[in-house]
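Architecture and fold: a report
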Amino acid sequence: MELEILGRALSTLSADDDHPYRTGPWRPQTTEHRADDLDVIGELPDDLDGVYIRNTENPVHPAQQGLYHPFDGDGMVHLVGFRDGKAFYRNRFVKTDGFLAEQEAGRGLWAGIAENPAKSERQDGWGARGRMKDASSTDVVVHNGVALTSFWQCGDLYRLDPFSLDTLGKAEWGGDFPSDLGVSAHPKVDPHTGEMLFFNYGTDAPYMHYGVVDASDKLVHYTGIQLPGPRLPHDMAFTENYAILNDCPLFWLPEALAVGKYVSRFHPHLPMRLGVLPRRGDGSEIVWFEAEPTYVLHWTNAYEEGDEVVLEGFHQETPEPPDPGTGSLYDRMFRFLALDHMGTHLHRWRLNMRTGKVTEERLSERITEFGMINPQHSGRRNRYVYAPTGVPGKFLFDGLVKHDTVTGAEEYYPLGDGVFGSETVMAPRIGSTGEDDGYLVTLTVDMNRDLSECLVFDAQRLTDGPIARMRLPERISSGTHSTWASGSEIPGWRTADRPEHALGL
Ligand SMILES: [Fe+2]
């Protein structure tokens with residue numbers, strides 16, 4: 001392995017920190033690395049070709065009011081690239097305006113999501129709530145050959161070079177980027193058209209917008225979606241012809257909002273509303289369906305079948321887990337992050353476009369979330385979902401399940417005590433001939449051996465365990481969303497003598 005230190009960030013976190021999401025498997029990093037030709041245990045197939053990219057909440061300063069929430073951490077992106085049977089790794093901070101301002105100041109400047117925004121040192125900021133630091137730490141996709149990081153409360157899309165992870169600036173879309181509201185995490189890239197579909201949300205009517213950016217990075221559609229009031233959507237889905245937006249009954253209490261407080265509550269007497277809109281349709285054309293009340297954090301996919309739009313994702317049995325009244329402040333505060341507390345199950349909603357009827361079915365009795373599919377099946381029928389299991393009571397992944405949504409069969413690979421995984425992508429093999437003909441790629445945090453690895457599995461033989469493992473330069477933090485981009489999606493990928501030379505670096 002050839003290793004180079006690319007940079008270090010100033011951290012003011014204390015050495016005796018005891019916050020569960022800044023220590024142990026969530027211990028943040030301050031060093032940026034570039035490592036080429038990673039040492040491989042096992043065999044790295046030469047038809048695994050492209051990049052795995054994962055975002056991370058990686059704080060470097062304490063919370064202003066002492067209430068750090070893991071969604072407040074600064075964005076750090078990890079990348080493992082595979083080309084010609086070799087692998088390379090980089091980790092870089094997303095150089096957001098907020099991150100740079102706090103590095104300059106040497107301290108945190110914005111209140112976190114669990115803190116009082118009125119007491120934020122900086123009164124400006126981003127996000128649906130306003131007065132937040134746009135950490136761009138939630139999600140990452142690759143569109144038009146560039147990696148884009150995003151933030152769950154809406155913000156800018158930061159553009160990153162998909163080899164070096166250098167921050168290239170913000171998405172501008174020729175001056176049409178909706179800077180007033182930003183863009184939510186979970187924009188969706190349709191591999192069949194090269195389009196990127198996105199939404200945003202906020203506290204002013206119409207409370208949501210939906211838009212389309214074409215394959216050449218131009219905003220070609222943007223329309224308001226009228227909601228009954230401010231909502232907290234987190235994800236969207238699409239099919240060949242439709243975008244699917246949602247109005248889940250978990251949102252800021254209107255009476256609290258009226259006095260400047262942001263208190264999210266589940267409203268079990270309200271249905272979950274699912275909105276189906278032609279992909280280039282005006283917001284007024286949206287057709288709403290009513291489903292059983294729940295909150296859905298993540299959809300896995302949607303597709304069309306006869307008269308039906310079929311939507312799959314993770315139903316929550318308990319969107320607002322009750323406060324047990326006992327346990328540590330942190331355990332109580334972060335109970336919303338544990339998959340078992342929310343009771344997340346893979347679920348299917350069938351929306352009949354002719355009758356308006358909704359039918360629902362649970363697809364698995366196992367608690368999983370953060371599911372990924374073969375990206376070539378996005379918006380089209382898919383059979384398999386790859387999703388992690390969670391450590392009880394914690395926001396940590398301890399195993400990986402391959403769900404067969406046709407037969408209900410499941411394969412499970414436990415990572416073992418003290419080893420935690422990441423959102424795991426499915427990377428189709430070059431020349432792939434079937435939906436599960438490819439590889440699963442994830443990053444681990446191994447607390448037993450105090451190291452991190454990249455693991456590669458054969459997607460058709462998950463239970464056999466990894467076929468290749470590569471140690472990273474240091475133990476990384478757990479993180480959130482990830483993406484896979486094949487080499488063919490990245491300009492210059494095949495022609496450069498070294499991957500980082502593809503863009504002339
Ligand atoms: Fe998410």
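Residues numbered from 1 in each chain as written. Predicted model: local features only at pLDDT ≥ 70, side-chain atom pairs only at ≥ 80, totals over all residues.

For the protein chain, an unreviewed UniProt entry supplies the name Carotenoid oxygenase family protein and the organism Rhodococcus sacchari.

1. Notes on the overall build of the protein chain
The test is simple: A helix here means a DSSP run of H or I that spans at least four residues, while a strand means a run of E at least two residues long, and both kinds are numbered starting from the N terminus. For a compact globule the rule gives 2.2 Å times the number of residues to the power 0.38, and the radius of gyration it is set against comes from C-alpha atoms. Exposed residues have 12 or fewer other C-beta atoms within 10 Å of their own C-beta, buried residues have 20 or more, and partly exposed residues fall in between, where C-beta atoms are placed from the backbone. A residue pair is marked as a contact if its C-beta atoms, positioned from the backbone, fall within 7 Å.
Helix and strand counts for the protein chain come out as four helices and 34 strands. Over its C-alpha trace the protein chain gives a radius of gyration of 21 Å, about what one expects of a compact globule, namely 23 Å for 505 residues. Taken over the C-alpha atoms alone, the protein chain extends approximately 55 × 55 × 50 Å along its principal axes. Within the protein chain, the proportion of its 505 residues that are buried is 51%. Of the contacts formed within the protein chain by residues at least 6 apart in sequence, a portion of 58% connects residues at least 24 apart.

2. A short note on the nonpolar core
Cut-off, in case you're wondering: When buried Ala, Val, Leu, Ile, Met, Phe, Trp, Tyr and Cys residues are joined through C-beta atoms within 7 Å, the set is termed a nonpolar core. Domain delimitation in this document rests on an assignment produced automatically or drawn from a domain database.
Of all hydrophobic cores here, the largest spans 128 residues; its most connected members are I244 and V441. The residue makeup of this core includes at least three contributed by each of domain 1 (1-186 + 476-505) and domain 2 (194-374). Leaving out residues up to four positions away in the same chain, I244 has contacts with M236, A237, F238, L274, G275, V276, A302, V309 and L311.

3. Observations concerning the domain arrangement of the protein chain
Keep this limit in mind: Residues were grouped as follows: Ala, Val, Leu, Ile, Met, Phe, Trp, Tyr, Cys and Pro as nonpolar; Asp, Glu, Lys and Arg as charged; and all remaining residues, including Gly, as polar.
If you check the domain split of the protein chain, you get domain 1 (1-186 + 476-505) and domain 2 (194-374). Look at where the C-alpha atoms of domain 1 and domain 2 centre, and you get two points 24 Å apart. Of the residues assigned to the side of domain 1 that touches domain 2, the class counts are 11 nonpolar, seven polar and two charged.

4. Overview of the pairing of strand β25 (residues 384-390)
Under the convention used in this document: Here, a strand pair is defined by DSSP locating no fewer than two bridges between the strands.
In terms of burial, β25 is a largely internal element, seven of the seven residues being buried. Pairing of β25 with strand β26 (residues 397-404), which is carried by seven bridges, proceeds in the antiparallel orientation. Of the residues in β26, the one forming a bridge with G390 is F397. Between β25 and β26, which follow one another and run antiparallel, lie six residues, and G393 among them has a positive phi close to 80 degrees.

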